[in-house]
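Below, each chain spelled out in residue letters.
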Amino acid sequence: MSETTERQQLKIYRASEAKGLVEEGCMEMKPMSEVQVEGIKRLVQSGYLEGDELKVLVNVPGFALTYAWLKKDYPLMRHSHDSDCMYYVIAGSLKLGTEELGPMDCFFVPAGVPYVYVPGPEGVEVLEMRHKTSFDFVNLSHNEAWWDKAEKTCAANQEDWKNAVKPSSK
């Protein structure tokens, strides 16, 4: 089916059928240093994967929509992508630099710009919108002290993350 034909058809996308970023194959991890690789292994062992939920809701030529729920205290790595991205806060809150954003707030990150945000006390649910069906992830967390702190944060939150309730959209 050509891209034009595919775009001319109405299609329903169900969240219950959405795949994760890895399963969908739309995010390519760029090469990492030994410190980063070991750091990620440590985070996974201490519960990192309990701290988020990611689903690719739509991934068609020219448009991609990803849902992300990052639970409170989730240590998101400083990173960049090779794709522009618009973020829309559904529920909860996040801190981006000195700015706090809540439901219905948005922020735009141009391709190649390093960033990180911190989920608020209830965590945060966001929609990520891109015009590319695949993008890269460049991990910019090089400092070993950051990895040590993130590992402790994951271990301290692992059980709470397993039972966390999604934040309110109020």
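So, a few notes on the structure that sits alongside this text. (Residues numbered from 1 in each chain as written. Predicted model: local features only at pLDDT ≥ 70, side-chain atom pairs only at ≥ 80, totals over all residues. Heavy atoms only, no water.)

An order of β1-β9-β4 is seen for the 3 strands of this open sheet, with the pairing classed as mixed. With partners counted over all chains shown, the strands left at the sheet margins are β1 (27–29) and β4 (79–80), one partner each. In this structure, β1 lies alongside strand β9 (residues 135–139), joined through 3 bridges in parallel fashion. Bridging across to β9, glutamate 28 finds its partner in aspartate 136. (Pairing = 2+ DSSP bridges. Helix = DSSP H or I, 4+ residues; strand = E, 2+ residues; numbered from the N terminus.)

Our focus in this paragraph is the side chain of asparagine 139. Within the secondary structure, asparagine 139 is located in strand β9. Exposure remark for asparagine 139: the relative accessible area of 4% places this residue in the buried category. In this structure the side chain of asparagine 139 is engaged in a polar contact, spanning 2.9 Å, whose partner is the backbone nitrogen of serine 141. If sequence neighbours within four positions are ignored, asparagine 139 has contacts with Met32, Gln36, Ile40, Met77, Arg78, His79 and Trp147. (Buried < 20%, exposed > 50% of the residue type's maximum accessible area, 1.4 Å probe, protein only. Polar contact = N/O pair within 3.5 Å; in protein donor to acceptor, adjacent residues only side chain to side chain. Contact = heavy atoms within 4.5 Å.)

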